[in-house]
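If you want the building blocks of each chain, they are given just below.
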Amino acid sequence: MVSSHSYADFERDYETNLSKIRSFLAQPSYSNAQGNAANISQCEKALRDAKNCVHAMQGMAEIEGDPFKLEDAKRKLEREVGPLEEEIRGRKGHHIARGGASGVSAGGW
């Protein structure tokens, strides 16, 4: 199967996922435990999707031989995804410490 996605398509999907993550993280973490667990789960899924987009962007940049796009994708992973990943881990750890979950991870990192 041949993908018809371009670098710009993956970048748009990446930005959409980051927007979802930021929206979830902007919500108060002291809300009900069930709702918080659902938000964390949605954040983790959006984070995985965003990472997949960045990896696809890196691959497209390598295929195109565009060092600027390749560097842009690497920068997104380090400067945007990394800090959001840490924030989600912190929220998840805080949620578990408050007794909101069984302590079993719902998704792989």
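As a reminder, the structure under discussion sits directly above these lines.
Only a predicted model underlies this, so the values are computations on that prediction, with no experimental measurement involved.

Y14, I21, L25, M57 and I88 are the most contacted members of the largest nonpolar core, which totals 20 residues. At 8 residues, helix α2 (residues 33-64) tops the list of elements feeding residues into this core. Those residues in contact with M57, other than ones at most four positions away along the chain, are Y7, F10, E11, Y14, A73 and K76.

Within the element layout of this structure, K76 appears in helix α3 (residues 67-97). Apart from residues no more than four positions distant in its own chain, K76 is found in contact with E11, Y14, E15, V54, M57 and V81.

Right, let's talk about empty space enclosed by the protein for a bit. Over the atoms rolls a probe the size of a water molecule, and in doing so it shows where empty space is left. Counting across every chain of the model gives 1 cavity of 30 Å³ or more. Approximately 70 Å³ is the volume attributed to the largest cavity. Considering the residues around the largest cavity, the lining is formed by F24, L25, Q27, P28, N36, N39, I40, C43, I88 and R91. For the lining of the largest cavity, the elements supplying multiple residues, two or more each, are α1 (7-26), α2 and α3. Tallying contributions element by element places α2 first for the lining of the largest cavity, with 4 residues. Residues of the lining of the largest cavity, tallied by class, amount to 6 nonpolar, 3 polar and 1 charged.

Conventions used here
Residues numbered from 1 in each chain as written. Predicted model: local features only at pLDDT ≥ 70, side-chain atom pairs only at ≥ 80, totals over all residues. Heavy atoms only, no water. Core = buried A, V, L, I, M, F, W, Y, C linked by side-chain atoms within 4.5 Å. Buried < 20%, exposed > 50% of the residue type's maximum accessible area, 1.4 Å probe, protein only. Helix = DSSP H or I, 4+ residues; strand = E, 2+ residues; numbered from the N terminus. Contact = heavy atoms within 4.5 Å. 1 Å grid on protein atoms, 1.4 Å probe; cavity = no way out; pocket = protein on both sides within 12 Å on 5 of 7 lines; lining within 4 Å. Points joined across faces, edges and corners; volume = space filled by probe spheres on them. Nonpolar A, V, L, I, M, F, W, Y, C, P; charged D, E, K, R; others polar.

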